[in-house]
Amino acid sequence: MPADRDVAERLRIKNKNIFIAANKIDGPELEHLMWDFYSLGMEKVFPVSALHGYGITSLVEEIAKTLPDAEGIEPQERRISAAIIGKPNVGKSSLINRILEDERLIVSELPGTTRDSVDISIKSQGTEFIFIDTAGIRKKGRVKDKIEKFSVAKALESIGRCDIAVIVIDAEEGVSEQDARIASLAASDGKGVIVAVNKSDLIDGKKDQIKRLKDSLSFQLRFVSFAPSIFLSAMTGKGVRKIFYLLSSLYSEISTRISTASVNKAVEEIVSQHPPVHSGKGSLKISYATQAGIRPPTFVLFVNKPDLMTASYERYLINRLREQLKLPHSPIKIVAREKRK
Ligand SMILES: Nc1nc2c(ncn2[C@@H]2O[C@H](COP(=O)(O)OP(=O)(O)OP(=O)(O)O)[C@@H](O)[C@H]2O)c(=O)[nH]1
Ligand SMILES: [Mg+2]
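This write-up is about the structure you can find in this document.

About the thresholds
- Residues numbered from 1 in each chain as written.
- Chains lettered and ligands numbered in written order.
- Predicted model: local features only at pLDDT ≥ 70, side-chain atom pairs only at ≥ 80, totals over all residues.
- Heavy atoms only, no water.
- Pairing = 2+ DSSP bridges.
- Helix = DSSP H or I, 4+ residues; strand = E, 2+ residues; numbered from the N terminus.
- Axes fitted to C-alpha atoms, helices over the stretch in contact; angles between N-to-C directions.
- Contact = heavy atoms within 4.5 Å.
- 1 Å grid on protein atoms, 1.4 Å probe; cavity = no way out; pocket = protein on both sides within 12 Å on 5 of 7 lines; lining within 4 Å.
- Points joined across faces, edges and corners; volume = space filled by probe spheres on them.
- Nonpolar A, V, L, I, M, F, W, Y, C, P; charged D, E, K, R; others polar.
- Domains from an automatic or database assignment.

1. A closer look at the sheet that holds strand S9 (residues 286-293)
Adjacent strands of a sheet form backbone hydrogen bonds with each other and so pair up, either parallel or antiparallel.
At step 1: Taken in spatial order, the 3 strands of this open sheet run S9-S10-S11, and their pairing is mixed. What marks the edges here is a single partner per strand, and that holds for S9 and strand S11 (333-338). Averaged over all pairs of adjacent strands, the angle between strand axes in this sheet comes to 25°, irrespective of strand direction.
At step 2: One ladder, built from 6 bridges, connects S9 with strand S10 (residues 298-303); its direction is antiparallel. Bridge pairing links glycine 293 to threonine 298 in S10.
At step 3: Here helix H8 (residues 260-273) sits on the sheet in contact with S9 and S10, set at roughly 135° to S9.
At step 4: Of the strands in this sheet, S9, S10 and S11 touch helix H9 (residues 311-324), which is tilted by about 125° from S11.

2. Digging into the layout of surface pockets
In this approach, a probe sized like a water molecule rolls over the atoms, and the result shows the empty space that is left.
At step 1: Taken as a whole, the second largest pocket encloses approximately 550 Å³ of empty space.
At step 2: Phe223, Phe226, Arg315, Ile318 and Arg322 are, among the 20 residues lining the second largest pocket, the residues nearest its centre.
At step 3: For the lining of the second largest pocket, the elements supplying multiple residues, two or more each, are helix H5 (177-188), H9 and S11.
At step 4: Considering each element in turn, the lining of the second largest pocket owes the most residues, 6 residues, to H9.
At step 5: Residues that form the lining of the second largest pocket fall into these classes: 10 nonpolar, 5 polar and 5 charged.
At step 6: Both domains that meet at the lining of the second largest pocket, namely domain 2 (78-254) and domain 3 (257-341), each give it at least three residues.

As structure tokens, this is what we get:
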């Protein structure tokens, strides 16, 4: 709106912190409506719903960050939630038990032991880690037949409320299509993904088996090749502590904010190395770019015609941005917006 532009202009010269609250955005499905506001030339745009409360927490948190620290108030603890996902019987509960180093969860050899999702909180080095143990539920009466499936609906529900999805895989069985699908879904939902290969004690020293497993990891997970993987054993405890380190560093990575200047520099370089190809409809021109959000790092590119952004060029940009912006393990989201004349 012209009036918004006017206000934006006046505020800009005041040299203050400016936040734009794009109101009446009631949920994630309406978030696309906020992209227009970037054309006001300000980076901090927040989708909110004053009526339903959507997005308010993020807005308030961001505003709070710019305020000076009040004395005597403890800084807020970092909280990382990790969804532990995987087929029945891969050792999800055992892994969490090992992490907790006690036997608070019911572990059993029967697939389908964990009936629902359970949240377990543990504090370590100033961070609160929430592990969401997700049931590897299968249909009733099929417990005996060794099917590969696990409940996608349950997994998605846990993924929806996590920062990072930990896909647990049985070292003897390798990666199934279902595992790969869930990993891709989590990544496209903007979540960090870690692949945890459990029961590695069972393949210790078995060269052929280890090779087959590594092949299945790189082939099946080729669409989420940026996801770090670890080998561990919930039974012996080997490799388990590394989860904390991985979760922390991945969380920092997906929460990175990069200055507009650096984003533009990276985009310019990436585009000059391999410009968009000319199609019948014209050629894509990227005028400038800025980071619009974190978790996942999201970049808005202002272009002549958003339609001209092809899926393959978007993939190229994302892969190169991952390198250039030093976000090797992070999912990245790109939004092409039409540049206003
Ligand atoms: N050898 C070996 N066995 C393990 C390991 N981790 C778990 N197990 C065994 O695998 C079986 C299943 O473990 P759970 O932790 O119940 O598996 P889950 O993934 O939580 O299963 P659901 O809740 O049914 O989805 C149990 O018999 C565990 O003792 C491991 O690292 N090595
Ligand atoms: Mg379980």
